[in-house]
Amino acid sequence: MKAINLLATTALIALVSLPVHAQTSPKGVWLGRDDGAAQTPPMGWNSWNAFRTEVDEDKVMGAARALVDDGLAKKGYTYVNLDDGWWLKRRQPDGRMIVRTRIFPSAATKDGATSFRPFTDRLHAMGLKAGIYTDIGRNACSQAYNLDSPNLPEGTAQERQVGLDGHEAQDINLYFKDWGFDYIKVDACGLADYAPGSKRVIDNGYIGLEPEIDRSSLNRTDDARVEARYQKVATALKAANPDGDYVFSICDWGMADVRRWGKDVGSSWRTSSDITPNWSSMLHNYDSAAGRALYAGPGHWNDPDILYIGAGDFDADHLTEARSHFSLWAMLDAPLLISYDLRKAPQALLDIWGNADLIAVDQDKAGNQATIAYDSEDAQILVKTMSDGHKVAALFNRTASPQTVTLMASHLKLRSDAPITLTDLWSKAQSAFTGETTFTLAPHETRVFSAQGPRELANGLYLSEMPGAINVADDGVRNPELDPAIHRMIDPWGGSRSGGSRPMYAGWGGAQADATPYGETLQIDGQSFTNGLGVLGNSLLQVKNDKGFTSFHATVGIDDSTRNRDRPVTFFVYADGKQVAKSPALRFGDRPFELNADISGARVIELQAVNDSERNEIPVVVTWGAARLERP
Ligand code: GLA
């Protein structure tokens, strides 16, 4: 009896002292998803921007041959990915997917069952890998948006249901085990564009599916259901690929708060709508990923979409823009998927895709997406920390006029009293500076430099220098908010036939490097921090300590920018699940508090900020100022 009482009391104490949000509690183990083949961002070719649904075997094999012959494959461009258009129908009643052999003749079989195996065999024999495309719902994007395509699925309503819904394991097994694909892109029009009773569904005789994604409303999008559907595919992929050699590309265009869960489910996730070959669209897609460095890392990448180099504003007559597009994608650790008819590519474009220095930036194994060291609507400075510790800086002129940009040693987190050498990764010219150096950027120009010099932090790393080793286990966002910091292009589909361009990407309030979750300067009680992490209260950040650092330090408190000034926040640090430091409950306006912790031997450091809060209360903004790992 006594023992039971004691147990009950202990349980009660445990309950009472539990953080308010159980999901923020420390886990003691690394939860970041780092399995799958995309240890560095996938590179290769995709058919969509080059051919739309008018893809065929000759065109794809032509691209594959060009990748090999032009030396791009050797440089890492190995995935050859089919997009929309390859399918003929879903055979009834067994549901087997049938290839359109008119455009993929090698898939024909005597019994009519069709097989992509000869096609993937050929790609594999060339040292390449093969990618296929599907939809998470029942119908695909082309069935909504390319109705005059000669390559739409054919047959009865059931036969035209080519998406994964209800066939997840069957299709994944067919594509990966039987047909030998290595990569899959899973689009989401099936969840957005086929409302029962809608004109599209009636006119085309589709079977409707109640939308789970509302392209114009966050509140009407069912994030949890969309996530669960993609998770189901992830499970099927794992089962079909015990060797882990697969890439899972989530394509829900930044909807359904994929910013939060994409990293736990897929190898990459689209952060925005489709890129079009114009500068404004490139800015839009770039912005949708540029503030999300903490969400990417080895095995999981932000995807601002395939490249549009070779067309429109990025064609061979616009090499400045084409180089900018490529430089920015490389800085963002984005997948590098060429989408151009490579059978006739001018050398000037091949030189862009083939820039080995920029490819090395994108493919660096630490997976630290560049963070924004200087931000404005005119120009930005992006800085990326490479695995050997050296820095790469991109100076980006967003505008159509020249811009003067000063790069400072502090942007690079390098010492301002010692020379820093720069190598221009396009021209290869070398230079040096101490303190700061100024450049005039041509309209739309991006200059990219590798930078070497003594580090500000001689024996450590700021956490904002190692986003690839951070897992945002819980960013504290309870009510997703639209991200207003994204360039609002004229919608390429509807033009100005609406009241305005309003992207539905929930990203506002997400954890940020060297800025608050709302893009402000980190500042506690008047003390500002150029280095640190900004996050909301009731959050948990995990840091992988695989370099054997022995101590953790940070100056913490409630950020001066917070709109909620009522809640005290307590900061905790855990090393492999054991509490190693804790702050008092800190209120708005309290002096910043120093947290120092011994983390010797620990593999996973966890940073937790906890406050009471009511449902729908405005979140508290907290700052982990100068957060860093050090060794003696
Ligand atoms: C969607 C995707 C594109 C492409 C097309 C194919 O728009 O976002 O990347 O796959 O569908 O129809």
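What you are looking at is a predicted structure, and each value in this text was computed from that prediction instead of being measured. (Residues numbered from 1 in each chain as written. Predicted model: local features only at pLDDT ≥ 70, side-chain atom pairs only at ≥ 80, totals over all residues. Heavy atoms only, no water.)

S.K.: How would you explain the sheet that holds strand β10 (residues 336-338) if you had to name every residue and give the values?
M.R.: In spatial order, the strands read β9-β8-β7-β6-β5-β2-β1-β10; together these eight strands make up an open sheet with parallel pairing. Each having just a single partner strand, β9 (301-303) and β10 make up the two edges of the open sheet. Each neighbouring strand pair of the sheet contributes to a mean axis angle of 25°, computed without reference to strand direction. Pairing between strand β1 (residues 43-46) and β10: three bridges, direction parallel. (Pairing = 2+ DSSP bridges. Helix = DSSP H or I, 4+ residues; strand = E, 2+ residues; numbered from the N terminus. Axes fitted to C-alpha atoms, helices over the stretch in contact; angles between N-to-C directions.)

S.K.: How would you explain the site of the ligand if you had to name every residue and give the values?
M.R.: Taken together, W48, D83, D84, Y133, C141, S142, K185, D187, C251, W253, R270 and D274 are the residues near the ligand. One of the side-chain N or O atoms of D83 is found 2.6 Å from an oxygen atom in the ligand. A distance of 2.7 Å separates an oxygen atom of the ligand from a polar side-chain atom of D84. In isolation the ligand exposes 310 Å². Once the protein is present, 93% of that is buried. Of the residues belonging to the shell around the ligand, the class tally is five nonpolar, one polar and six charged. (Near = heavy atom within 4 Å. Polar contact = N/O pair within 3.5 Å; in protein donor to acceptor, adjacent residues only side chain to side chain. Areas by Shrake-Rupley, 256 points an atom, 1.4 Å probe, with all protein chains shown as cover. Nonpolar A, V, L, I, M, F, W, Y, C, P; charged D, E, K, R; others polar.)

S.K.: Give a detailed account of the packing of helix α8 (residues 223-240) against helix α9 (residues 258-265), specifying residues and quantitative values.
M.R.: Put simply, α8 and α9 touch, their axes get as near as 10 Å, and they point 15° apart. With respect to each other, α8 and α9 are oriented roughly parallel. In terms of crossing hand, the pair formed by α8 and α9 is right-handed. Residues D223, V226, E227, Y230, Q231 and A234 of α8 lie in contact with α9, whose contacting residues are R260, W261, D264 and V265. Broken down by class, the residue content of the contact of α8 with α9 amounts to five nonpolar, one polar and four charged. (Parallel < 35°, antiparallel > 145°, perpendicular 65-115°, else oblique. Left-handed = near helix turned anticlockwise from the far one by under 90°. Contact = heavy atoms within 4.5 Å.)

S.K.: Summarise the nonpolar core; cite the residues concerned and give the values.
M.R.: The nonpolar side chains of a soluble globular protein tend to be buried, and buried together. With 144 residues, the main nonpolar core has W86, F104, F116, F326, W353, F552 and W624 as its most contacted residues. Broken down by element, the residue count for this core peaks at seven residues, all from α8. In this view, F552 contacts L463, V573, L595, N596, A597, I599, L607, W624, A627, R628 and L629; residues no more than four positions away in its chain are not counted. Membership of the second largest hydrophobic core comes to 17 residues, among which are A409, L412, F433 and F449. (Core = buried A, V, L, I, M, F, W, Y, C linked by side-chain atoms within 4.5 Å. Buried < 20%, exposed > 50% of the residue type's maximum accessible area, 1.4 Å probe, protein only.)

S.K.: Quick one: what's the story with the confidence of the model for the protein chain, residue by residue and with numbers?
M.R.: When pLDDT is averaged across the protein chain, the result is 95; 96% of the residues are at 70 or more. Every residue in residues 1-22 scores below 50 in pLDDT, and together they form eleven contacts with partners more than four places removed in sequence or on other chains. (pLDDT = per-residue confidence, 0-100.)

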